[in-house]
Each structure stands twice: as C-alpha cells, then as structure tokens.
Amino acid sequence: MEGPGDSEATPLLLRRILWEGLSKYDITVENPKSARGKKNLIKDYEKFLRYASIEPSCAGILVLLDADDECPVEEASNLVKRTKDLNLAKAVTIVEANSEYETWFLASLDSDQGMEIRTRLGIDQSEAYRGNVEDVHAKAWLKRAMPHGRTYKETSDQAALSSLIDIEHTQQRSRSFRRLCHAVEELLCAIESGTPVVTPQIAG
C-alpha cells in the first residue's frame, strides 16, 4: 500500500469484498505494509515484496497503488515483470486504482449507500458526476463538491468511506474496482491451489 489512509481502509475494503462479494469468511487480511508514498513503493518495490513474503502468516500478496496520471496497464505490466524476476514462492496480484482510491467513492456516490457517503462529506444531493469516474481526479472533484470549511482527510475519511462503498454498484461504474474484486478472486484461487502466480497476466 502506498498512502497514509490505506492502512485501515484497504483491509476493511478487502474484508467486505471477501465477505459480501465472495462469501469467504475464513481468510485473514493482515495489516498492510505501507510504502509511505508511491515513489517509495516504485523505488523499493522488490524490498517491500520480499519483506511481505517472509511474514509467517503470508499466503499471498496484493499490491495496491494509485495510477495517478500514469497508464495503469503500462505501470502494472512493469510491476508484473519486476515481480516475476523475484521468483517468490507466494502468489502476487497487482491492482492500480484508476486514477486513485477515491475514484471508488465517486463511483458509489449515486447508489443507495452513496447517500451515507454524501452525508459524511456534506455533499449536496444535486451534486453528481455522470461521466466515466476514471476520467476525472476524484479526490479533487469530491473536495470541490464539499461545503466550505469541510476538508477531506485520508487518515480519518478513507476507512469510514470504504465501509460505505456499494460493492456491486461500484463494480458497474469503475473498471479498476472490478479489477480489484477479480484480483481478490485470483489470489484466493492461487492460494488454494498452492500456485505462486503473478497477476494480471499481461501479454508481451
């Protein structure tokens, strides 16, 4: 994980995907290893993966980062290659939120559960983004829609909002969220089969 709010938010979201989406209740999501920023993660990627893989309780690794302004396919492809070069004995799956984690809040905003997201952020019912949620900087959009004096704070808002994401609706509106849900399934299959695969499988 790369950001300051991920340590609490990401495990919470993964548990919801496991429980609500896959009816898997016997999988433990461990506390994430935070890189304290994307630059650190990219720079010391191999070190972070080795560090995670030697944890006694580690059965598989999910790498989550924001695409930001990078092409998520190209960046994920590079990370897949770097992962394969390590020859780890654990399965690894890589997910890039496009363009950022907050995209998934924006994608959920017009669902029934989205009303609770609106309430927490103070966003008016009339505010909506109807386009492709992955074509806009979601965090900036949410901040502009919030009332004067209310600020978005990753450390306090990210986990709370992750508990309010509408899993099914957000999959429909966000390709990268569908990728996250699929990545969790891929990792489960790899763990159950004992196969140290690296996903996504990118041709070339």
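An account of the accompanying structure is given in this report. Values in this document were obtained by computation on a predicted structure and should not be read as measured data. (Residues numbered from 1 in each chain as written. Predicted model: local features only at pLDDT ≥ 70, side-chain atom pairs only at ≥ 80, totals over all residues. Heavy atoms only, no water.)

### Digging into the pairing of strand β1 (residues 60-66)
- Extensive coverage of β1 is indicated by the burial of 6 of its 7 residues.
- As paired strands, β1 and strand β2 (residues 91-97) are joined by 7 bridges and run parallel to one another. Paired with Leu62 across the bridge in β2 is Thr93.
- In terms of handedness, the path from β1 via helix α4 (residues 72-86) over to β2 forms a crossover that is right-handed. (Buried < 20%, exposed > 50% of the residue type's maximum accessible area, 1.4 Å probe, protein only. Helix = DSSP H or I, 4+ residues; strand = E, 2+ residues; numbered from the N terminus. Pairing = 2+ DSSP bridges. Right-handed = clockwise from strand over helix to strand, strands pointing away.)

### Notes on the nonpolar core
- Counting 41 residues, the largest nonpolar core has Leu13, Trp104, Phe177 and Leu180 as the members making the most contacts within it.
- When residues of this core are traced back to their parent elements, those giving at least two are α1 (6-21), β1, β2, α5 (103-108), α6 (114-121), α7 (138-145), α8 (154-162) and α10 (175-193).
- Element by element, the count of residues in this core is highest for α10, at 8 residues.
- With residues up to four places along the chain from it excluded, the contact list for Leu180 reads Leu13, Leu14, Ile17, Leu62, Val95 and Trp104.
- Counting 17 residues, the second-largest nonpolar core is a separate cluster that includes Ala52, Val63, Val92 and Ile94. (Core = buried A, V, L, I, M, F, W, Y, C linked by side-chain atoms within 4.5 Å. Contact = heavy atoms within 4.5 Å.)

### A word on the sheet that holds β1
- Read from one edge to the other, the open sheet built from 3 strands follows the order β1-β2-β3, with strand pairing classed as parallel. If you trace the sheet from one side to the other, it starts and ends with β1 and β3 (198-199), each paired once.
- Bridge count for β2 against β3 is 2 bridges, and the pairing is parallel. Residue Val92 lies in a different strand from β3, and its bridge partner there is Val198.
- Running over the sheet, α4 touches β1, β2 and β3 and is turned about 160° from β2. (Axes fitted to C-alpha atoms, helices over the stretch in contact; angles between N-to-C directions.)

### What to know about empty space enclosed by the protein
- Scanning the model with the defined rule gives 1 cavity of 30 Å³ or more in all.
- Looking at the largest cavity, its volume works out to about 40 Å³.
- Around the largest cavity, the lining residues are Leu106, Leu109, Asp110, Arg118, Ala128, Tyr129, Arg130 and Arg173.
- Class assignment of the residues belonging to the lining of the largest cavity gives a composition of 4 nonpolar, no polar and 4 charged. (1 Å grid on protein atoms, 1.4 Å probe; cavity = no way out; pocket = protein on both sides within 12 Å on 5 of 7 lines; lining within 4 Å. Points joined across faces, edges and corners; volume = space filled by probe spheres on them. Nonpolar A, V, L, I, M, F, W, Y, C, P; charged D, E, K, R; others polar.)

Note that every value here comes from positions in space, so none of it alone points to a role or purpose.
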